[in-house]
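One-letter residues, chain by chain:
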Amino acid sequence: MEGVRDKLAQAAEKLHIGGGQEAAAEPSPDAAKIYVDESAGSDDSGDGSKAKPYKTSLAAMLAKGQNISLFIKKAGELDEKDKASADEDGYVPISATGQKRVKKLHEAAVKKQKKLEEAAAKEKDKANAESKKLEESKGVTLGEDSKDARKIKIHQGAEHRDKRVKIFGWVHRLRQQKDMHFIVLRDGTGFLQCILQGQVAQTYDALTLTLESSVELRGTLKKVPEGKEAPGGHELVVDWWECLGKAPGGDEAISNLIAEDMEPSLLADRRHLAIRGQTASAVLKVRSGVLKAFRSTFDKLGLTEVTPPCMVQTSVEGGSTLFSFDYYGQQAYLTQSSQLYLETVLPSLGDCFCVQESFRAEKSHTRRHLSEYTHIEGELAFINFEELLEHIEELICGTIERLLADTEMKMLVEQLNPGFQPPTRPFKRMDYKAAIQWLNDHGITNEDGEPHKIGDDIAEAAERKMTDALNVPIFLCGFPREIKAFYMKRIKGNEEFTESVDVLMPGVGEIVGGSMRMSDAKELLEAYKTEGIPSDPYYWYTDQRKYGTCEHGGYGMGLERFLAWLTNRWTVRECSLYPRWTGRATP
Ligand code: 4AD
């Protein structure tokens, strides 16, 4: 109310309502004399006396009513006319026009005030009715449910249409109308629209239900009427239910903790809640489907799964990205890659693969680097480089075919990456030297802003620009020895280059790194020396060459990078359950 008065008072001031040139309005004989001092008065503490004048005429009228004789002391200089009618303290009776204007403003203010009071009263009535309803709801109980109900998960809904079922889950969305509540229930297998009406919508829990509360709902699954849409094409008409765990509302409500436009580090702190969201859970679902499809492709290709250790005492991809720790008084590391172990498995189980966490102490904050990532690695014996490439092509394309053959996965991929087209075979083959030429031809410089030269590592930005421009999967082959790991086989007759490959995908860049491996023990021992690596800790790796060596090769794929490409995510962080990057290991 004060705000309205202030605004109106300011408006009155703008209109310069006060004593004036015009003749003073005739006050009624019994009207009280009220004083307004435009500069020294106060609308808050004034009472209209000369000792305590108001600041504005409107405030005077709001306090004293319209039947008053107003005397104004103007803020500026008095003109001759005002001087003539001013009393000894400088107060001039209000002009007739002035009086009229104040009256008008006063009437408008009173009207507005009345409206506000009515609205407040309505609100109060509503709140009273609600609290009465809430109080009464405590007496509404549904009692025991003794009728038959089959316990199902949401994804089994179609087989149970028109049957009575019980379903457990979390309140994903909630719309409460007068006597009807609509819940979108989530149970991890899908989403289901549920309707509560009649008595089931009148219990205390129904009236105070919040998002993310866990519930048990029982009722009949009904096909939604023609023209209406609902997940699965049906909805649950609830006839009995129970709230199992009520989630907080108010400040602590999930909608106040998780929002798309929130600061990324806050969202990362609240990842445990964020993964309940439709997009985050869809990515995790696809992740699970992709892993299943990879395993199925590996199975089809005859590779055996093994589980190498994560705690190791050797490096694979250079010392700079090793996480080290104290292992019973000795230094040990978190593995960067299981490749060396897979190589030793070849003479035991033949072609093999693993799905294992790899760790990289990368100080890079790029959108494709994690400190811990899921590494899908394969190793194949008695192959050549071209066979390795064909195998990788088959692994990627076969896995995508298998994934998309699953209707749920196809739907989720479409949801996350509308219009996704599986890659076609054969992938574009590009030699490292041709890539350097391509970058220079297209004016893409290296990190120092200079043209690329043979021997340069192609930095992430340049690699991404090229991949995005070509917009197809690329096998980038034949990297220089100097920029690659010690174990890579050299190209015969061109020993400064290696039989190596990176698979580059549009939008992400490198998702796979692979190579043929040195098969000769002596050559390998030389390579340790060149790299400055002590050979002793690698005795078991060297032995693989000593006890029946073979031409072999393999690769590693970052699962999160594969997913970022497949589901069109901005960063690999969205593709990991609880991503770790520089400085973050929570939650
Ligand atoms: O190219 P990289 O370093 O190759 C190896 O580790 C080989 N020893 C693998 C092998 O031949 N068995 O890494 C392989 C892949 C990369 O192409 C990338 O997809 C992923 O692992 N990767 C990362 N993903 C997320 N964050 C990081 N910091 C990554 N570093 C590598």
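Note that the structure is a prediction, hence the values are computed from the model and not measured.

Draft legend 1. Highlighting the packing of aromatic side chains. Evaluated as defined, the whole model comprises 19 aromatic pairs. Geometrically, the ring pair formed by F427 and F475 is tilted, given 5.2 Å between the ring centres and 45 degrees between the ring planes. One end of the pair, F427, is in the loop between α12 (407–416) and β16 (428–431); the other, F475, is in strand β17 (residues 474–477), and 48 residues separate them in sequence. Each member of the pair, F427 as well as F475, is classed as buried.

Draft legend 2. Here's a closer look at the site of the ligand. Neighbouring the ligand are 23 residues; E317, Q339, E377, E510 and I511 lie closest to it. Taking 630 Å² as the accessible area of the ligand by itself, protein coverage stands at 94%. Mapped onto the shell around the ligand, the elements with two or more residues apiece are β15 (372–381), β21 (509–516) and β22 (552–558). Among the residues making up the shell around the ligand, the classes are represented as 7 nonpolar, 8 polar and 8 charged.

Draft legend 3. View of the pattern of salt bridges. This structure, assessed with the given rule, holds 37 salt bridges. The salt bridge partner of K222 is D162, with a shortest N-O separation of 3.9 Å. With K222 in strand β8 (residues 214–223) and D162 in the loop between β4 (150–151) and β5 (164–176), this residue pair connects regions lying 60 residues apart in the sequence. Classification of K222 by relative accessible area gives partly exposed; the value is 38%. With relative accessibility at 54%, the residue D162 sits in the exposed group. In this structure, the salt-bridge partner of E216 is R218, at a minimum N-O distance of 2.7 Å. On the basis of relative accessibility, which here comes to 6%, the residue E216 falls in the buried class. With a relative accessible area of 12%, R218 lands in the buried category. A network of salt bridges, in which partner residues are shared, links D145, R164, E216, R218 and D239.

Draft legend 4. Summary view of the layout of surface pockets. Estimated volume of the second largest pocket: approximately 1,100 Å³. Of all elements in the fold, only β5, α6 (254–257), α7 (264–269), α8 (271–274) and α9 (278–300) reach the threshold of two or more residues within the lining of the second largest pocket. Considered class by class, the residues forming the lining of the second largest pocket number 17 nonpolar, 10 polar and 12 charged. Taken together, domain 2 (150–252) and domain 3 (279–575) each give at least three residues to the lining of the second largest pocket, which thus spans both.

Draft legend 5. Inspection of the sheet that holds strand β13 (residues 330–334) at higher detail. Pairing within the open sheet is antiparallel, and its 3 strands lie in the order β11-β13-β12. Of all the strands in the sheet, the pair left with one neighbour each is β11 (311–312) and β12 (323–327). Taken together, the 2 bridges between β11 and β13 define a ladder with antiparallel strand orientation. Note on β13: the bridge partner recorded for M311 is L334.

Draft legend 6. Expanded view of a nonpolar patch on the surface. On the surface, a nonpolar cluster with roughly 390 Å² of combined accessible area is contributed by M311, Y327 and Y328. Topologically, Y327 is positioned in strand β12.

Draft legend 7. Broad picture of the sheet that holds strand β3 (residues 92–93). Reading across from one edge, β1-β2-β3 is the order of the 3 strands in this open sheet, with mixed pairing throughout. Looking at the sheet topology across the chains shown, the edges are occupied by β1 (32–37) and β3. Across 2 bridges, the pairing between strand β2 (residues 68–73) and β3 is antiparallel. Across the sheet, residue I72 finds its bridge partner in β3, namely V92.

Draft legend 8. Summary view of the nonpolar core. Ranked by size, the top nonpolar core spans 51 residues in total, and within it I396 and F562 carry the most contacts. For this core, the element with the most residues is helix α11 (residues 385–404), which contributes 10 residues. With residues near it in sequence (within four places) discarded, F562 still touches V290, F294, I396, I400, I511 and M557. Judged by nonpolar contacts, the second largest core, of 21 residues, contains I152, V171, L185 and V215.

Draft legend 9. Representation of the domain arrangement of the protein within the structure. Here the protein is partitioned into domain 1 (1–16 + 26–112), domain 2 (150–252) and domain 3 (279–575). In this structure, domain 2 and domain 3 have C-alpha centres spaced 45 Å apart.

Draft legend 10. The arrangement of helix α14 (residues 460–470) in detail. Looking at α14, one finds that the buried residues are E460, A462, E463, R464, M466 and T467. As for α14, its buried residues are in contact with β16, α13 (432–441), β17, β20 (500–505) and β21. Taken from the residues just after α14, N471 is the one with a positive phi, measuring 55 degrees.

Draft legend 11. The arrangement of the environment of H375 in detail. Its location among the elements puts H375 in strand β15. In this structure the C-alpha to C-alpha distance between H375 and Y547, which are 172 residues apart in sequence, comes to 28 Å. When near neighbours in sequence (up to four residues on either side) are disregarded, H375 contacts Q336, S337, C354, V355, Q356, S358, R360, G556 and M557. Within polar-contact distance, the side chain of H375 engages the side chain of S358 at 2.8 Å. Of note is the side chain of H375, whose polar atom sits 3.2 Å from the side chain of Y373.

Draft legend 12. The environment of Q199, seen in detail. Within the secondary structure layout, Q199 lies in the loop between β7 (191–197) and α5 (204–207). Classification of Q199 as partly exposed rests on a relative accessible area of 48%. When near neighbours in sequence (up to four residues on either side) are disregarded, Q199 contacts V140, T141 and L142.

Draft legend 13. Spatial organisation of the UniProt feature "domain: Aminoacyl-transfer RNA synthetases class-II family profile" (unreviewed entry) in the protein. Here the UniProt-annotated "domain: Aminoacyl-transfer RNA synthetases class-II family profile" (unreviewed entry) positions come out as residues 284–579. End-to-end, the C-alpha atoms of residues 284–579 are 12 Å apart, and along that stretch the chain is 36% helix and 23% strand.

Draft legend 14. Broad picture of the pairing of β5. Where β4 lies against β5, 2 bridges are found, and the strand directions are parallel. The residue of β5 that forms the bridge with R150 is V165. Judged from the 7 bridges that link them, β5 and β8 form a sheet pairing that is antiparallel. Residue pairing for β8: R164 is matched across the bridge by T220. Sheet topology places β5 next to strand β6 (residues 180–186); 6 bridges connect them, and they run antiparallel. The residue of β6 that forms the bridge with V171 is L185.

Reading the values: the criteria
Residues numbered from 1 in each chain as written. Predicted model: local features only at pLDDT ≥ 70, side-chain atom pairs only at ≥ 80, totals over all residues. Heavy atoms only, no water. Phe/Tyr/Trp six-rings, centres within 6.5 Å; stacked < 30°, edge-to-face > 60°. Helix = DSSP H or I, 4+ residues; strand = E, 2+ residues; numbered from the N terminus. Buried < 20%, exposed > 50% of the residue type's maximum accessible area, 1.4 Å probe, protein only. Near = heavy atom within 4 Å. Areas by Shrake-Rupley, 256 points an atom, 1.4 Å probe, with all protein chains shown as cover. Nonpolar A, V, L, I, M, F, W, Y, C, P; charged D, E, K, R; others polar. Salt bridge = Lys/Arg side-chain N within 4 Å of Asp/Glu carboxyl O. 1 Å grid on protein atoms, 1.4 Å probe; cavity = no way out; pocket = protein on both sides within 12 Å on 5 of 7 lines; lining within 4 Å. Points joined across faces, edges and corners; volume = space filled by probe spheres on them. Domains from an automatic or database assignment. Pairing = 2+ DSSP bridges. Patch = residues over 30% accessible without salt bridge, like charges linked within 9 Å, V, L, I, M, F, W, Y side chains within 5 Å. Core = buried A, V, L, I, M, F, W, Y, C linked by side-chain atoms within 4.5 Å. Contact = heavy atoms within 4.5 Å. Polar contact = N/O pair within 3.5 Å; in protein donor to acceptor, adjacent residues only side chain to side chain. UniProt positions renumbered as here; feature names shortened; annotations may be inferred.

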